[in-house]
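These are the residues of each chain, in order.
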Amino acid sequence: MSEAGTTRRVRRWVRPEIRGLEPYHVADARGMIKLDAMENPYPWPEAMRREWLEALSRAQVNRYPDAAAAALQQALRDVLSIPSDVEVVLGNGSDELIQTVQLVVGGPGRAVLAPVPTFAMYEMTATVTGGRFEGVPLDERFGLDVPAMLEAIERVTPACVFLTYPNNPTGNLFDVDAVEAVIEATDGLVVIDEAYHAYAKESFLSRVGQYENVVVMRTLSKIGLAGLRVGLLAGPIGWVQQFDKVRLPYNIGVLNQLSVAVALRHVDALNAQASAICAERDRLFGQLSRLDGLEVYPSRANFLLLRVRERDVDAVFRGLCERGVLVKNLSRPGSALAGCLRVSVGLAEENDAFLAALGAVLSA
Ligand SMILES: *Cc1c(COP(=O)(O)O)cnc(C)c1O
């Protein structure tokens, strides 16, 4: 076996768009205060943990999981108040659902559209599935640029439009009127990604039955179950049946189904954590607003977007790392996020450590 031979075959057979992809980068966070991935920083309360371990001890991992995860689906419907005329399909995280949607409606010759900057997986998945991604710049306050969206819809006839509500990484909710204008102008599917619903509380779920082309995605990752990989798509039965065909059987493992069921019995505890995180977010926003050389954008999610002014943002990012704080560096020169860092809201003491580190870096 020769390495050159492998290289030749990879070049010949791996599709060029895959070879051209940058791998999704996950930073090494060992030993750091981890404020880069919008995780809920709170561990589970002790009583919940005991109930969980008890349930796990009865798990039958020699068997395949319930393929439809029916019990989990019902629990999610109850907790998320999914209307009865709306169907649901579960994913191994909503990342998997983004892929499922694009396997069904995207692909070669199809366009996938989203306002940018937004969540990177929409474009990444368009590339992987052989579709074409069309990004439409948000306006200068990160709102939807409706004329530009309508122009792009007219021009590329997207099979699918992704709208993140509130948007990641900008943190804002789009105007409802603007979202409705996009829905009404599009013949294709509009996926409203409500990954941060626990923090924003606003939703398009009640409108799913009102339009023929709207589905809503939720995930449990940002409310405190990131490790369990469970996301949900809710929509009209006609769409959901097609997604369900493409979903891999058994995509939600036995341990995940069981663990989420326990967590949902304690959803009040998770919601209380979300409220505490919102309060911390608002405190952090106030403190950051007072720092010179920084712009901080209002957020309805569990993170804040910052723009560093008149300083090298990469140096600020490195300075934070050296002080043991990991945030996300989103800056690309010349892009709408030039100079931008995104910080997830952590525990009060973690946020204080971040503020102290940032203050030190900015005054150095
Ligand atoms: C984090 C995030 C996701 C992915 O969530 P998982 O359920 O963990 O796969 C999807 N959409 C947006 C906008 C996100 O920020």
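What you see is a predicted model, and the numbers here were worked out from it, not measured in a lab.

Cut-off values and rules
- Residues numbered from 1 in each chain as written.
- Predicted model: local features only at pLDDT ≥ 70, side-chain atom pairs only at ≥ 80, totals over all residues.
- Heavy atoms only, no water.
- Helix = DSSP H or I, 4+ residues; strand = E, 2+ residues; numbered from the N terminus.
- Rg over C-alpha atoms; globule rule 2.2 N^0.38 Å.
- Buried < 20%, exposed > 50% of the residue type's maximum accessible area, 1.4 Å probe, protein only.
- Areas by Shrake-Rupley, 256 points an atom, 1.4 Å probe, with all protein chains shown as cover.
- Lys, Arg positive; Asp, Glu negative; His and termini not counted.
- Charge placed at Lys NZ, Arg CZ, Asp CG, Glu CD.
- Pairing = 2+ DSSP bridges.
- Phe/Tyr/Trp six-rings, centres within 6.5 Å; stacked < 30°, edge-to-face > 60°.
- Lys NZ or Arg CZ within 6 Å of the ring centre and 35° of its normal.
- Contact = heavy atoms within 4.5 Å.
- Axes fitted to C-alpha atoms, helices over the stretch in contact; angles between N-to-C directions.
- Salt bridge = Lys/Arg side-chain N within 4 Å of Asp/Glu carboxyl O.
- Parallel < 35°, antiparallel > 145°, perpendicular 65-115°, else oblique.
- Left-handed = near helix turned anticlockwise from the far one by under 90°.
- Nonpolar A, V, L, I, M, F, W, Y, C, P; charged D, E, K, R; others polar.

### Details of the overall build of the protein
Here comes step 1: Scanning the protein from N- to C-terminus turns up 15 helices and 13 strands.
Here comes step 2: At 21 Å, the protein has a C-alpha radius of gyration in line with the 21 Å of a compact globule built from 364 residues.
Here comes step 3: Along the longest, intermediate and shortest principal axes, the C-alpha atoms of the protein span 60 × 55 × 55 Å.
Here comes step 4: Taken over 364 residues, the protein has a buried fraction of 51%.
Here comes step 5: For the protein, the accessible area works out to roughly 17300 Å², and carbon and sulfur atoms hold 52% of it.
Here comes step 6: Across the protein, 37 positive and 44 negative side-chain charges occur, with their mean positions spaced 7 Å apart.

### Here's the deal with the pairing of strand β13 (residues 340-344)
Here comes step 1: The buried fraction of β13 amounts to 5 of the 5 residues, a majority that puts the element mostly inside the structure.
Here comes step 2: Alternating positions in β13 separate into two faces, Cys340, Arg342 and Ser344 on one and Leu341 and Val343 on the other, with burial throughout.
Here comes step 3: Pairing of strand β10 (residues 303-308) with β13 involves 5 bridges; the strand directions are antiparallel. When the bridges of β13 are listed, Arg307 appears paired with Cys340.
Here comes step 4: Across 2 bridges, strand β12 (residues 328-329) lies against β13 in antiparallel orientation. Looking at the pairing, Lys328 lines up with Arg342 of β13.

### Things to note about the packing of aromatic side chains
Here comes step 1: Evaluation of the coordinates by the stated rule reveals 8 aromatic pairs.
Here comes step 2: With centroids separated by 4.8 Å and ring planes inclined at 55°, the aromatic side chains of Trp44 and Trp52 adopt a geometry described as tilted.
Here comes step 3: A ring pair is formed by Tyr64 and Tyr250, whose centres lie 4.3 Å apart and whose planes are at 20°; its orientation type is stacked. Of the two residues, Tyr64 is situated in the loop between α3 (46-56) and α4 (70-80) and Tyr250 in the loop between α11 (237-246) and α12 (254-265); the sequence distance between them amounts to 186 residues.
Here comes step 4: Its relative accessible area of 63% is what places Tyr64 among the exposed residues.
Here comes step 5: Assessed through its relative accessible area of 37%, Tyr250 is described here as partly exposed.
Here comes step 6: Every member of this aromatic cluster is reached through a ring pair, and the members are Phe119, Tyr122 and Phe162.
Here comes step 7: Above the ring of Phe303, the side-chain terminus of Arg342 is found at 5.9 Å from the ring centroid.

### Focus on the sheet that holds β13
Here comes step 1: With antiparallel pairing, the 4 strands of this open sheet are ordered in space as β9-β10-β13-β12. The outermost strands of the open sheet, each flanked by one partner alone, are β9 (294-296) and β12.
Here comes step 2: Each of β9 and β10 touches helix α13 (residues 267-289); the most contacted strand, β10, lies at about 10° to it.

### Regarding the pattern of salt bridges
Here comes step 1: Applying the stated criterion to the full structure yields 20 salt bridges.
Here comes step 2: One salt bridge in this structure joins Arg300 and Glu202, with 3.9 Å as the shortest N-O distance. On the criterion of sequence distance, the pair formed by Arg300 in the loop between β9 and β10 and Glu202 in the loop between α9 (197-200) and β7 (214-219) is long-range, its members being 98 residues apart.
Here comes step 3: Classification of Arg300 as partly exposed rests on a relative accessible area of 32%.
Here comes step 4: Under the relative-accessibility criterion, Glu202 is labelled partly exposed at 38%.
Here comes step 5: Here Arg281 ties to Asp282 by a salt bridge, and the two come within 3.1 Å at their closest N and O atoms.

### Focus on the sheet that holds strand β2 (residues 87-91)
Here comes step 1: As summarised here, the arrangement of the 7 strands in space is β2-β8-β7-β6-β5-β3-β4, forming an open sheet in which the pairing is mixed. Two strands lie at the open edges of the sheet, namely β2 and β4 (132-137), each paired on one side alone. Within the sheet, the average angular offset between the axes of one strand and its neighbour, ignoring direction, is 25°.
Here comes step 2: Where strand β3 (residues 111-116) and strand β5 (residues 160-164) come together, 2 bridges link them in parallel fashion. The partner of Val112 across the bridge, within β5, is Cys160.
Here comes step 3: Along the sheet, α11 makes contact with β2, β6 (189-193), β7 and β8 (231-235), crossing β2 at roughly 30°.

### Regarding the packing of α4 against α12
The axes of two packed helices give the description: the angle between them and the distance between them.
Here comes step 1: Interaxial distance between α4 and α12 falls to 10 Å at its minimum, and their mutual angle equals 30°. By the angle between their axes, α4 is roughly parallel relative to α12. The element α4 and its partner α12 pack so that their crossing is left-handed. The segment α4 lies against α12, with Leu72, Ala75, Leu76 and Val79 engaging Gln257, Val260, Ala261 and Leu264.
Here comes step 2: Its residues assigned to classes, the contact of α4 with α12 comprises 7 nonpolar, 1 polar and no charged.

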